Amino acid sequence: MVMRYRVLGGTGIRVSAYCLGTMMFGSIGNADRADSTRIIHAALDQGINFVDTADMYSAGESEEIVGQALQGRRDDIVLATKFHFPMGDDPNSGGNSRRWIMRAVEDSLRRLRTDWIDLYQVHRPDETTDIEETLSALTDLQRAGKIRAFGTSTFPAEQIAEAQYVAQRRGLARFRTEQPPYSLLARGIERSVLPACQRYGMGVLTWSPLAAGFLSGRYRQGQPIDMSTGRAALQGYLYDPASPETAAKLAAVEQFAALADGLGCSLPELALAFTVAHPAVTS
């Protein structure tokens, strides 16, 4: 396989068209650290230079696994992580405030065993924090060299536009990327989020291109769903066999599987090819 590389949101940073997401590394998914490390190394050996994690994945364990796996190879990797979700019982141990950002970044740097983060992402919007507060803190971290660029995840188009306006008006650095959910089964971002990202020259790295596993080939119509492992054990409501939504997804999967067969590729290959083909999508 010949890996393609694309520029991330006008930053000049070149990333592989496929990014390795590590949400399921650690206690909530794959508790075998050695196996997770093997997966990371296999991805890097295939030309992937983009790894994405978050502080809340397995309460920081995913970052620890990634940090350990990248020892000796850190300079060659574009490393992305996120902050926002609570990381403890303290009511201020989460959110998008300057107070939390300044602490969260130090915690992530320690777990990742690195001096800088290439892409630091706001994991979700925070209605209690003014966007200028967040942009100001992230701009300071960028100027201090602790992060190279920063972006958002799962922000609606109107908040993406507001943040760009505030950054320009206040002379702050701006969000360079957005990380939205996007797949053959979830195309809502095509209406406004992707056009907004194109309008502002933002890079897009999609999450869940396999639609929480429905496009992996693991879940098929007429077959029982094992609710004891993987994402089904973590988010059982997404796989409820009695749900009309689940039935509709499984029916669509059969159609996509038939299409993949006709094209001579696997269902996951079709699903990934679809997301990365959109002109707004970077990785």
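Since the structure is predicted, the reported quantities are computational estimates derived from the model, not experimental observations.

(A) Looking closely at the overall build of the protein chain. For the protein chain, the count of helices and strands is nine helices and nine strands. A compact globule built from 283 residues should have a C-alpha radius of gyration of about 19 Å, and the protein chain, at 19 Å, falls within 12% of that. Dimensions of the protein chain along its principal axes, counting C-alpha atoms only, are 55 × 40 × 40 Å. Buried residues in the protein chain amount to 49% of all 283 residues. Relative to all contacts within the protein chain whose residues are 6 or more apart in sequence, the contacts with residues 24 or more apart total 75%. A total accessible area of about 13100 Å² is found for the protein chain, and carbon and sulfur atoms account for 50% of it. Within the protein chain, one finds 29 positive and 32 negative side-chain charges whose respective centroids are separated by 5 Å.

(B) Quick look at the packing of helix α2 (residues 61–69) against helix α3 (residues 98–112). Orientation of α2 relative to α3, taken along the N-to-C sense of each, is 45 degrees, at an axis distance of 7 Å. Relative to α3, the element α2 is oriented oblique. Two secondary-structure elements touch here, α2 through Glu-63, Glu-64, Val-66 and Gly-67 and α3 through Ser-108, Arg-111 and Leu-112. Grouping the constituent residues of the contact of α2 with α3 by class yields two nonpolar, two polar and three charged.

(C) Just the pairing of strand β7 (residues 147–153), in detail. Within β7, six of the seven residues are buried, which leaves it mostly tucked inside the rest of the structure. Sheet analysis places strand β6 (residues 117–122) next to β7, joined by five bridges and oriented parallel. The residue of β7 that forms the bridge with Tyr-120 is Phe-150. Between the parallel pair β6 and β7, the chain is carried across by helix α4 (residues 131–143), and the sense of this crossover is right-handed. When β7 meets strand β8 (residues 177–179), the two strands line up parallel, connected through three bridges. The partner of Gly-151 across the bridge, within β8, is Thr-177. Taken together, β7, helix α5 (residues 157–170) and β8 constitute a β-α-β crossover, and its handedness is right-handed.

(D) Representation of the pattern of salt bridges. One pass over the structure, following the stated rule, counts 15 salt bridges. Two residues, Asp-52 and Lys-82, come together in a salt bridge whose shortest N-O distance is 2.8 Å. Here Lys-82 lies in strand β5 (residues 78–83) and Asp-52 lies in strand β4 (residues 50–52), a separation of 30 residues in the sequence. Residue classification places Asp-52 among the buried positions, given a relative accessible area of 5%. The buried category is assigned to Lys-82, whose relative accessible area is 1%.

The rules we used
Residues numbered from 1 in each chain as written. Predicted model: local features only at pLDDT ≥ 70, side-chain atom pairs only at ≥ 80, totals over all residues. Heavy atoms only, no water. Helix = DSSP H or I, 4+ residues; strand = E, 2+ residues; numbered from the N terminus. Rg over C-alpha atoms; globule rule 2.2 N^0.38 Å. Buried < 20%, exposed > 50% of the residue type's maximum accessible area, 1.4 Å probe, protein only. Contact = heavy atoms within 4.5 Å. Areas by Shrake-Rupley, 256 points an atom, 1.4 Å probe, with all protein chains shown as cover. Lys, Arg positive; Asp, Glu negative; His and termini not counted. Charge placed at Lys NZ, Arg CZ, Asp CG, Glu CD. Axes fitted to C-alpha atoms, helices over the stretch in contact; angles between N-to-C directions. Parallel < 35°, antiparallel > 145°, perpendicular 65-115°, else oblique. Nonpolar A, V, L, I, M, F, W, Y, C, P; charged D, E, K, R; others polar. Pairing = 2+ DSSP bridges. Right-handed = clockwise from strand over helix to strand, strands pointing away. Salt bridge = Lys/Arg side-chain N within 4 Å of Asp/Glu carboxyl O.

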